[in-house]
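Chain by chain, the residues run as shown.
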Amino acid sequence: MFSKVEKVTCVGAGYVGGPTCAMIAHKCPDIQVTVVDMNSEKIAEWNSEKLPIYEPGLHEIVMAARGKNLHFSSDIPKAIREADLIFISVNTPTKNYGRGKGMAPDLKYVESVARTIAQHAGAPKIVVEKSTVPVKAAESISFILREAQKNDTRLAFQVLSNPEFLAEGTAIRDLSNPDRVLIGGESTKEGQEAIHHLVSIYERWVPRDRILTTNTWSSELSKLAANAFLAQRISSINAMSAVCEATGADVREVAHAVGFDSRIGNKFLQASVGFGGSCFQKDVLSLVYLCESLNLQKVADYWMGVIDINNWQRRRFADKIIAELFNTVTDKRIAIFGFAFKKNTGDTRESSSIYVSSHLLEEHAKLAIYDPKVSEKQIRMELGNNVDKQIVEKLVTVCADPYEAAAGAHAIVVLTEWDEFKELDYSRIYSSMQHPAAIFDGRLILDQPVLRDIGFRTFAIGTAPDQAYNLFGSSGCC
Ligand SMILES: NC(=O)c1ccc[n+]([C@@H]2O[C@H](COP(=O)([O-])OP(=O)(O)OC[C@H]3O[C@@H](n4cnc5c(N)ncnc54)[C@H](O)[C@@H]3O)[C@@H](O)[C@H]2O)c1
Ligand SMILES: O=c1ccn([C@@H]2O[C@H](COP(=O)(O)OP(=O)(O)O[C@H]3O[C@H](CO)[C@@H](O)[C@H](O)[C@H]3O)[C@@H](O)[C@H]2O)c(=O)[nH]1
């Protein structure tokens, strides 16, 4: 093949392709990295001062490497031709049509990149599947590439699986100090050589014992398994949050006590209004679909439970809001604090805010939405995909700050755990609201006793009912 990787191309300039390649360029000044995308507006943004995605620390490393060894381009054929190693980092969303609709990942973008590589390669390449895909997807990519090889003897391809484990909001931290890098490939001499080339890129900054090499199928399945395990933890603690509310236990104390067991560990036990993001639901559904295809219905049902609890938790929270607001939210102004699926990102894909807001809109609540990183256009687009666009037009206001959103509202609903929500002047907010004023904390970030002292009725997910139903403030009454 070649002795050293000198040029890397990444197809897909999204949340994964952009930050991952910026990190490779940052850590490997001797490697030329080009990120390409079919969306030329996105490429223009990557080449501008305002990058298309918000990630703490990303701007700095892009600005330092851009124009030197990091390039963003729309010329996909050229970037493929020139590269030694090509990452496929395109989206693999849940299919919304045809066979597997609502369950299977849509692999049309991955396949289309494989075909483009086959067409323009011109020389041997290592093709790295970075997108999250079902087990055996690498086989389809290899098949397409092998066909091209038959017609052009200059060509040779090795396909590796190298799933990405970064989380949004902490992408740069995760990329610079990953728990592990996983690389799967063939056991042949050529396969091992390709693995070695990719290892040699990561080992510039990742300790060798954290770079795991496996066979291709283990690598592909490990990505789905990791996300399924993580999502399962959230559904487990969210299931417990309902038990806490019904019994007087506090989910924070339960999570703390359970997480103290070193076999369980204390991470990822934060009860919430449900997990969101582009990955967990999609990847668990992909695993469920895979199990069904393999006639492993019991296994499929087991993992489907994780999704069922998540949907139930969102609905349960919305129903709680309606019940606590005297069983009707019609025409009531409700301030929604946070629309992103987690803090420190502007990404709204599968955000629980979409679902809780939609349930409230279906009851004709008037929503005043504030998020520090999500645009009005994005909020309207997400809600418009879920409820009647005319209802969104009529009942949704997007506010420039949280004080404006809360003014005149009957309730505040915290749906994203942005740090700034912890530091607001809640006395000022309280005096601007309708009374009785309620706060529903779907992220457990606010100080409930302080809020109750101000006069708020408070409800926090997974906390005791006497706090949830405190109609008369902390002084108690009647
Ligand atoms: N977002 C995350 O945090 C994350 C983390 C780990 C893994 N993943 C996985 O990585 C993959 C990419 O996710 P993402 O969030 O970066 O997606 P994204 O939607 O942000 O970016 C994908 C990009 O690929 C481009 N694209 C699609 N088809 C193309 C083609 N044929 N040619 C050129 N460009 C094309 C799109 O225009 C888009 O800009 C997915 O499989 C996802 O499951 C995502
Ligand atoms: O204790 C927790 C932890 C997370 N969440 C929620 O879970 C969702 C997902 O959060 P997180 O996993 O931090 O973000 P993602 O960017 O979706 O990252 C996940 O999905 C990526 C895409 O596959 C993987 O690469 C990452 O390893 C995996 O953490 C968000 O809505 C969080 O608010 C909770 O409710 N409670």
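What you are looking at is a predicted structure, and each value in this text was computed from that prediction instead of being measured.

Each value, and the rule that gives it
Every chain is numbered independently, its residues counted from 1 as its sequence is written. As they are written, the chains are lettered A onward and the ligands numbered 1 onward, keeping that order. Where local features are concerned, this predicted model is filtered to residues with pLDDT of at least 70; where side-chain atom pairs are given and counted, the filter is 80 or more; whole-chain, interface and lining totals use all residues. Note that the side-chain values use all heavy atoms of the structure and ignore hydrogens as well as water. Every helix listed is a DSSP run of H or I at least four residues long, and every strand listed is a run of E at least two residues long, numbered separately from the N terminus. Partly exposed describes any residue whose relative accessible area lies between the buried limit of under 20% and the exposed limit of over 50%, with all areas from a 1.4 Å probe on protein chains only and scaled to the type maximum. By the criterion applied in these results, polar contacts are pairs of N or O atoms within 3.5 Å in which, for protein atoms, one can donate a hydrogen and the other can accept it, and in which residues neighboring in sequence qualify only through two side-chain atoms. Any pair of residues with heavy atoms lying within 4.5 Å of one another is described as a contacting pair. Here, proximity means that at least one heavy atom of the residue falls within 4 Å of the molecule or strand. Accessible surface area values rest on a Shrake-Rupley calculation with a 1.4 Å probe, where residue burial reflects the displayed protein chains alone. Under this grouping Gly is polar, as are all residues other than the nonpolar Ala, Val, Leu, Ile, Met, Phe, Trp, Tyr, Cys and Pro and the charged Asp, Glu, Lys and Arg. Domain segmentation is taken from an automatic or database assignment of domains. UniProt positions are given in the numbering used here, feature names are shortened, and annotations may be inferred rather than shown by experiment. A 1.4 Å probe defines the accessible area here, and the buried area is the portion of it lost by two parts on being joined, summed over both. The salt bridge definition used is simple: a Lys or Arg side-chain nitrogen within 4 Å of an Asp or Glu carboxyl oxygen. Confidence per residue, as judged by the predictor, is encoded in pLDDT with a range of 0 to 100. Here, a strand pair is defined by DSSP locating no fewer than two bridges between the strands. Fitting a line to C-alpha atoms yields each axis, with helices limited to the stretch in contact; the angle taken between N-to-C directions then spans 0 to 180 degrees. Any pair of Phe, Tyr and Trp rings, taking the six-membered ring for Trp, is counted once the centres come within 6.5 Å. Such a pair is stacked with planes under 30 degrees apart, edge-to-face with planes over 60 apart, and tilted for the rest. Placement of a positive charge over a ring is assigned whenever Lys NZ or Arg CZ falls within 6 Å of the ring centre and within 35 degrees of the normal to the ring plane. Put simply, a nonpolar core is a bunch of buried Ala, Val, Leu, Ile, Met, Phe, Trp, Tyr and Cys residues held in one set by side-chain atoms that sit within 4.5 Å of each other. Assignment of crossover handedness uses the view with strands pointing away from the viewer, where a clockwise path from the first strand over the helix to the second indicates a right-handed crossover.

Re the side chain of Ser 357
Then, number 1: Structurally, Ser 357 can be placed in helix α13 (residues 352-362).
Then, number 2: Exposure remark for Ser 357: the relative accessible area of 0% places this residue in the buried category.
Then, number 3: Reaching out from Ser 357, the side chain makes a polar contact with the backbone oxygen of Ser 353 at a distance of 2.7 Å.
Then, number 4: Other than its neighbours up to four places away in sequence, Ser 357 contacts Ile 336, Phe 339, Leu 367, Leu 383 and Leu 415.

Notes on the site of ligand 1
Then, number 1: Close contacts around ligand 1 come from 27 residues, with Asp 37, Lys 42, Thr 92, Glu 168 and Lys 282 the closest.
Then, number 2: Here an oxygen atom of ligand 1 and a backbone polar atom of Tyr 15 are 3.0 Å apart.
Then, number 3: Here an oxygen atom of ligand 1 and a backbone polar atom of Thr 132 are 2.9 Å apart.
Then, number 4: Protein contact buries 93% of the 830 Å² of open area that ligand 1 shows by itself.
Then, number 5: Grouping the amino acids of the shell around ligand 1 by side-chain chemistry returns 10 nonpolar, 10 polar and seven charged.
Then, number 6: Split by domain, the residues of the shell around ligand 1 number at least three in each of domain 1 (7-206) and domain 2 (218-478).

Regarding the UniProt feature "domain: UDP-glucose/GDP-mannose dehydrogenase C-terminal" (unreviewed entry) in the protein
Then, number 1: If you check UniProt for "domain: UDP-glucose/GDP-mannose dehydrogenase C-terminal" (unreviewed entry), the listed places come out as residues 335-448 in our numbering.
Then, number 2: Between the C-alpha atoms that bound residues 335-448 there is a distance of 18 Å. The span itself is 35% helix and 17% strand.

Notes on the domain arrangement of the protein
Then, number 1: According to the domain assignment, the protein consists of domain 1 (7-206) and domain 2 (218-478).
Then, number 2: In this structure, domain 1 and domain 2 have C-alpha centres spaced 33 Å apart.
Then, number 3: The interface is formed by 32 residues belonging to domain 1 together with 25 residues belonging to domain 2.
Then, number 4: Here domain 1 and domain 2 share an interface that buries about 2200 Å² over both sides, 59% of which is from carbon and sulfur atoms.
Then, number 5: Looking only at domain 1, the three residues that lose the most surface to domain 2 are Tyr 54, Met 103 and Glu 168, adding up to 30% of its buried area.
Then, number 6: Remark: the boundary between domain 1 and domain 2 carries one salt bridge.
Then, number 7: Among the ionic pairs, Arg 349 bridges to Glu 168, the shortest N-O distance being 3.5 Å.

Some thoughts on the confidence of the model for the protein
Then, number 1: With 97% of its residues at a pLDDT of 70 or more, the protein shows a mean pLDDT of 95.
Then, number 2: In this model residues 467-478 is a low-confidence stretch, pLDDT under 50, and it forms 14 contacts with partners more than four residues away in sequence or in other chains.

Points about the sheet that holds strand β10 (residues 366-370)
Then, number 1: Strand order across the open sheet formed by six strands is β11-β10-β9-β12-β13-β14, with parallel pairing between neighbours. Both edges of this open sheet fall to β11 (396-398) and β14 (457-460), since each of them pairs with a single strand only. In this sheet, neighbouring strand axes are inclined to one another by 20° on average, regardless of whether the strands run parallel or antiparallel.
Then, number 2: Where β10 lies against β11, three bridges are found, and the strand directions are parallel. Paired with Leu 367 across the bridge in β11 is Val 396.
Then, number 3: Against the sheet, helix α14 (residues 376-384) contacts β10 and β11, and its axis sits at roughly 155° relative to β11.

Things to note about the packing of aromatic side chains
Then, number 1: Applying the stated criterion across every chain yields a total of 12 aromatic pairs.
Then, number 2: Aromatic pair Tyr 202 and Trp 205: ring centres 5.7 Å apart, planes at 55°, arrangement tilted. Judged on exposure class, the residue Tyr 202 and its partner Trp 205 are both buried.
Then, number 3: Through successive ring pairs, a cluster of aromatic residues spans Phe 229, Tyr 302 and Trp 303.
Then, number 4: The positively charged end of Arg 428 is found above the aromatic ring belonging to Tyr 403, 3.8 Å away from the centroid.

What to know about the nonpolar core
Then, number 1: Ranked by internal contacts, the top residues of the largest apolar core, which has 64 residues, are Phe 317, Ile 334, Phe 337, Ile 412 and Tyr 426.
Then, number 2: In this structure Tyr 426 touches Phe 337, Ile 412, Phe 421, Ile 439, Leu 446, Leu 451, Ile 454 and Phe 456, once residues within four positions along its chain are discounted.

Quick notes on the site of ligand 2
Then, number 1: Neighbouring residues of ligand 2: 21 residues in total, closest Leu 166, Glu 168, Ser 272, Cys 279 and Arg 443.
Then, number 2: Here Phe 165 contributes a backbone N or O atom positioned 2.8 Å from an oxygen atom of ligand 2.
Then, number 3: A distance of 2.8 Å separates an oxygen atom of ligand 2 from a polar side-chain atom of Lys 223.
Then, number 4: Considering ligand 2 on its own, with 690 Å² of exposed area, one finds that the protein chains cover 91% of that surface.
Then, number 5: Broken down by secondary-structure element, the contributors of at least two residues to the shell around ligand 2 are α9 (216-247) and α11 (280-293).
Then, number 6: For the shell around ligand 2, the element with the most residues is α9, which contributes four residues.

Section: the pairing of strand β2 (residues 32-36)
Then, number 1: Of all five residues making up β2, four are buried, and the element is well covered by its neighbours.
Then, number 2: Direction of pairing for strand β1 (residues 7-11) relative to β2: parallel, over a ladder of five bridges. Paired with Lys 7 across the strands is Gln 32, a residue of β2.
Then, number 3: Note on the crossover from β1 through helix α1 (residues 17-27) to β2: the handedness is right-handed.
Then, number 4: Bridging between β2 and strand β3 (residues 70-73) involves four bridges; their strand directions are parallel. Within β3, the residue paired with Val 36 across the bridge is Ser 73.

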